[in-house]
Amino acid sequence: MDSLSEKVSVGLGTAHIKLENLTYSYPHSDSQVLSDVNLELKKGEFVLLVGPSGCGKSTLVRCFNRLIPEISGGSFSGHVLLQGKDLKNEKIRKLALEVGMVFQNPETQLFCMTVAEDISFGPENLGLPRAEILSRVEKALKAVRLEKLSNHFIFTLSGGEKQRTAIGGNLAMEPEILVLDEPTSDLDPTGTQEVLELLKRLNEEKQTTLILIEHKLDSVFEIADRMLVMDKGRFIFDGKPFEILCREEETLKRLGIHPPQLTEIAHLLGMDSEASIALSYENVLNRLAKLLQIPASQFESQIEQKHETFSSIEISSSVETFSSIEISSSVEISSFIETSSSILPSEENLPFVRIENLSYRLEDGSEILKDINLDIKSGEFLALLGHNGAGKTTLAGNLIGFCRPSGGRILLNGKDIERYSTAQLSKKVGYLFQNPDSQIFMDSVFKEVRFGLENMGIPKKEIEKLVNESLETMELSAYKNRHPHSLSRGQRQRLAVASILALEPDLLVLDEPTTGQDRGHILKFLDKIKELKKLGKTVILITHDMELVAEYAERIVVMKQGRVLLDGPTAKVFLSTDKLNEAGIIPPLLSRLCFDLQKQGINVPPILTVSELKSFLRDHCPELRD
Ligand SMILES: Nc1ncnc2c1ncn2[C@@H]1O[C@H](COP(=O)(O)OP(=O)(O)OP(=O)(O)O)[C@@H](O)[C@H]1O
Ligand SMILES: Nc1ncnc2c1ncn2[C@@H]1O[C@H](COP(=O)(O)OP(=O)(O)OP(=O)(O)O)[C@@H](O)[C@H]1O
């Protein structure tokens, strides 16, 4: 046992969960996914499990209820003990009642017809009295805000609504141990905050032992007691989250695990070395306010500069927009438009995409999309945001011709999309499904990427080259002969992205493409998308990750209950906090800081990224220059 494993295995009293020398390989595979893992978790601990995509996190937690090796097969050695009891003779059915598990893909665990039936399934299996079952279901529905959808059919739910149902089902079981594998990946920011607060309460009030796997550390590092970092099937760090994040920043970044913005900013301000100051939003805000007591005049020129760049994006819809923003063209954006318009000649000078009075109704008459009007230019990078169930995926479905509008129309290059054949449309528009498993269907990684290209009539040699390039970009070359379903969730997501990227369509509609990815892979992938944008490709990114929106999108469209609520340049939209709140969106940390500084009369320009903050502070705070 190495020194780190020794440290990890030290615990007090009887461990709630104990792993002894756990080693595991999947069937038909020589490589060990878990290598001699030792761990003790105490009752009531709240543990954050992080690590790069494919390092073995999901594999590890599946050993806690014997899904591995019972269901998966493979070569397993070592022991898993639950309160001292070795699980090797336990039945999965029984363990499922003791160890709750929210899986990465909610669809794998929802099997009843309606939301309420699914949530009551667990308590019914516990043999509880009817009144207790009903009370638990009611509480769980409330906790995950699904009261209004309790009788809805599971298959009609949006991605986030399914994730909420899966979490609700586990809450209703009230297990002593709850494992959550990226439970908030499909939730809107408000939903994410609610679920995390709920977990914290569960942990404090019921002493539930929690193991939370997350790639996005911003909201979770403050609430967990302990952080375990995995790489290549073993633990490499174990300790208090904030300490690890500060002490091991370089190693973590190399692994693709990026520190939360709050710790990055605290580091920038030198606060991490001051033991007397707790790391909190308020303390960071106060420190910035103190540093930035600068006369307003110094900022005016900067604000103007920012607005010039922002104003380059035309605001098109009839919905509420930011009238204060002038509409003119910036050099950078207009050059994209020139490039793209020479590639994609548009009829009658129309924008690349025009959505006119679009509505979409279900058979029962309920209106999912209401009077949507949007113009999207070639080369724009637009983020489509909104609460779970707002209608984002439905709008995407209309754009790609999966759903037929009930009213209005969509023009692509000036031509109604109904006049395109499916083949023509699929060459122009690439759609990445919210759930990668909905689009993966070949039996090897290579064939999966090749499939779309073959249908485009490209010569064989050229296809091979394009497939290899695409796999290389998404760091999947090592897996090219593997069956896609033997990949980790993050790897499958990257495969789905690789298949779309290889086709280089004019319009890329990416429905939550970053789910299940570590930060390192996300940034590489979005940098690639940025390159495509420079070639005039248009990008619509549906996401709940506001930091990425701040970093990459020029324009934001916010939807609320089937309508467009806001439409404008990124920095401006993020300062519209009240409206965003209505749509379940919490602006990224830096926008919130700017907003709160402005409220204190400090005239900062809208800052969206840590590097923008860095250069701003370098210019205005001489004491921070080193
Ligand atoms: N059924 C399988 N057969 C073979 N290899 C598998 C199988 N399932 C997973 N693997 C491999 O095991 C490794 C660990 O996968 P796992 O799902 O545990 O990773 P992870 O850390 O949870 O990743 P992510 O963050 O992407 O979800 C990956 O390299 C994956 O390709
Ligand atoms: N066939 C259907 N029957 C009933 N309701 C439906 C159907 N299809 C979609 N809906 C409802 O329409 C609403 C919009 O769904 P959509 O998937 O477009 O939302 P979304 O904004 O993409 O959500 P998320 O962020 O959770 O993915 C949801 O409330 C969903 O339950």
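Only a predicted model underlies this, so the values are computations on that prediction, with no experimental measurement involved.

Rules of the game
- Numbering of residues starts from 1 in every chain and runs along the sequence as written.
- To read the labels, note that chains go from A and ligands from 1, taken in the order they are written.
- Only residues with pLDDT of 70 or above have their local features reported here, since the model is predicted, and side-chain atom pairs are shown and tallied only from 80 upward, although totals for entire chains, interfaces and linings are computed over all residues.
- Numbered from the N terminus, helices here are DSSP runs of H or I no shorter than four residues, and strands are runs of E no shorter than two.
- Buried means a residue has 20 or more other C-beta atoms within 10 Å of its own C-beta, exposed means 12 or fewer, and partly exposed covers the counts in between; C-beta atoms are placed from the backbone.
- Each residue gets a C-beta atom placed from its backbone, and two residues are in contact if those atoms lie within 7 Å.
- As used throughout, a nonpolar core is a set of buried Ala, Val, Leu, Ile, Met, Phe, Trp, Tyr and Cys residues joined through C-beta atoms within 7 Å of each other.
- UniProt positions are given in the numbering used here, feature names are shortened, and annotations may be inferred rather than shown by experiment.
- An axis is simply a line fitted to the C-alpha atoms; with a helix, the fit covers only the stretch in contact. Between two such axes, the angle follows the N-to-C directions and lies from 0 to 180 degrees.
- Should an angle fall under 35 degrees it is taken as roughly parallel, and over 145 as roughly antiparallel, whereas 65 to 115 is taken as roughly perpendicular and any remaining angle as oblique.
- In this scheme, a crossing is called left-handed if the near helix is turned counterclockwise away from the far one by less than a right angle; it is called right-handed if the turn is clockwise.
- Classes in brief: Ala, Val, Leu, Ile, Met, Phe, Trp, Tyr, Cys and Pro nonpolar; Asp, Glu, Lys and Arg charged; the others, Gly included, polar.
- By the convention used here, strands pair only if DSSP detects at least 2 bridges between them.
- Using the backbone to place each C-beta atom, any residue with that atom within 6 Å of a molecule or strand is considered near it.
- Boundary definitions for the domains trace back to an automatic or database domain assignment.
- Multiplying one less than the number of residues by 1.5 Å gives the expected span of a helix.

The number of helices and strands found in the protein chain is 25 helices and 20 strands. For the protein chain, with 626 residues in total, the buried portion stands at 48%. Taking contacts inside the protein chain between residues at least 6 apart in sequence as the whole, the part at least 24 apart equals 70%.

Along the chain, the position of His483 falls in the loop between helix 18 (460-473) and helix 19 (489-503). Classification of His483 as partly exposed rests on a count of 14 C-beta atoms within 10 Å. Residues His483 and Ser25 lie 458 residues apart in sequence; the distance between their C-alpha atoms is 16 Å.

One finds Leu384, Val509 and Val558 to be the most contacted residues of the largest nonpolar core, which totals 165 residues. Apart from residues no more than four positions distant in its own chain, Val558 is found in contact with Leu385, Gly386, Leu565, Leu566, Val573, Leu580, Ala583 and Ile585.

Looking now at the UniProt feature "domain: ABC transporter" (unreviewed entry) in the protein chain. With numbering aligned to this structure, UniProt lists the feature "domain: ABC transporter" (unreviewed entry) at residues 17-257 and 353-586. The annotated region residues 353-586 carries 38% helix and 26% strand content, and the separation between its end C-alpha atoms amounts to 28 Å.

Between helix 5 (residues 115-125) and helix 6 (residues 130-143), the least distance of the axes is 9 Å, while the angle of their chain directions is 130°. It follows from the interaxial angle that helix 5 and helix 6 lie oblique. Helix 6 is crossed by helix 5, and the crossing has right-handed handedness. Where helix 5 approaches helix 6, its residues Ala116, Ile119, Ser120, Pro123 and Glu124 are matched on the opposing element by Ile133, Arg136, Val137, Ala140 and Leu141. Grouping the constituent residues of the contact of helix 5 with helix 6 by class yields seven nonpolar, one polar and two charged.

What follows concerns the pairing of strand 10 (residues 234-239). Note that strand 9 (residues 226-231) and strand 10 share five bridges and pair antiparallel. Bridge assignment links Met230 to a residue of strand 10, and that residue is Phe235. Counted between consecutive antiparallel strands, the loop separating strand 9 from strand 10 contains two residues, among which Lys232 sits at a positive phi close to 45°.

Pairing within the open sheet is antiparallel, and its four strands lie in the order 12-11-14-15. Both edges of this open sheet fall to strand 12 (367-376) and strand 15 (415-416), since each of them pairs with a single strand only. Helix 15 (residues 392-399) rests against strand 11 (353-361), strand 12 and strand 14 (407-412) of the sheet, and its axis sits at about 60° to strand 12.

Read across the sheet, four strands follow the order 2-1-4-5 without closing on themselves; strand pairing throughout is antiparallel. Strand pairing shows two members of the sheet lacking a second neighbour, strand 2 (34-41) and strand 5 (85-86), which therefore form its edges. Where strand 1 (residues 17-25) and strand 2 come together, five bridges link them in antiparallel fashion. Across the sheet, Tyr24 pairs through a bridge with Leu34, a residue of strand 2.

So, on to the site of ligand 2. As a matter of local geometry, ligand 2 sits amid 18 residues, with Thr156, Ser158, Gly160, Gly389 and Thr393 nearest to it. Elements with a contribution of two residues or more to the shell around ligand 2: helix 7 (159-173) and helix 15. Class assignment of the residues belonging to the shell around ligand 2 gives a composition of four nonpolar, 11 polar and three charged.

This brings us to the site of ligand 1. Inspection of the region around ligand 1 gives 19 residues, with Ser53, Ser58, Thr59, Ser488 and Gly490 positioned closest. Mapped by element, the contributors of at least two residues to the shell around ligand 1 are helix 2 (57-62) and helix 19. Considering only residue class, the shell around ligand 1 consists of four nonpolar, 13 polar and two charged. Mapped onto the domain boundaries, the shell around ligand 1 takes at least three residues apiece from domain 1 (3-104 + 175-258) and domain 3 (303-587).

For Ser280, the location among the structural elements is in the loop between helix 11 (261-268) and helix 12 (281-291). In this structure, the C-alpha to C-alpha distance between Ser280 and Glu222, residues 58 residues apart in sequence, is 8.7 Å.

Turning our eyes to something else, we now look at helix 19. With 15 residues, helix 19 should reach 21 Å at 1.5 Å per residue; the first-to-last C-alpha distance of 22 Å fits that figure. For helix 19, the buried fraction is high: 15 of the 15 residues fall into the buried class.

Right, let's talk about the domain arrangement of the protein chain for a bit. Domains assigned within the protein chain are domain 1 (3-104 + 175-258), domain 2 (260-291 + 589-626) and domain 3 (303-587). Between domain 1 and domain 2, the residue contacts involve six residues of the former and six residues of the latter. Counted by class, the side of domain 1 that touches domain 2 contains five nonpolar, no polar and one charged residues.

It is the contact of helix 17 (residues 445-454) with helix 19, at a shortest axis distance of 8 Å, that shows an interaxial angle of 30°. Taken together, the axes of helix 17 and helix 19 lie roughly parallel to each other. When you trace helix 17 past helix 19, the crossing you get is right-handed. Two secondary-structure elements touch here, helix 17 through Val445, Glu448, Val449, Gly452 and Leu453 and helix 19 through Leu495, Ala498, Ser499, Ala502 and Leu503. Class assignment for the residues of the contact of helix 17 with helix 19 results in seven nonpolar, two polar and one charged.

Okay, helix 7 next. Here helix 7 is 15 residues long and its end C-alpha atoms lie 22 Å apart, about the 21 Å a rise of 1.5 Å per residue gives. Burial within helix 7 is extensive, with 15 of its 15 residues counted as buried.

The linkage connecting Ile68 with the following residue, Pro69, adopts the cis geometry, with an omega of 5°. Counting through the fold element by element, Pro69 comes out in helix 3 (residues 67-70). Phi at His28 is positive, roughly 55°, even though this residue is not glycine. In this structure, His28 sits in the loop between strand 1 and strand 2. Overall, His28 belongs to the exposed group, with 9 C-beta atoms counted inside 10 Å. Unlike most non-glycine residues, Gln561 shows phi in positive territory, near 40°. Examined against the element boundaries, Gln561 turns out to sit in the loop between strand 19 (555-560) and strand 20 (563-569). Given 16 C-beta atoms within 10 Å, Gln561 falls into the partly exposed group.

What follows deals with the environment of Leu566. Residue position: Leu566 is located in strand 20. Overall, Leu566 belongs to the buried group, with 25 C-beta atoms counted inside 10 Å. Taking C-alpha positions, Leu566 is 38 Å from Glu472, a pair spaced 94 residues apart along the chain.

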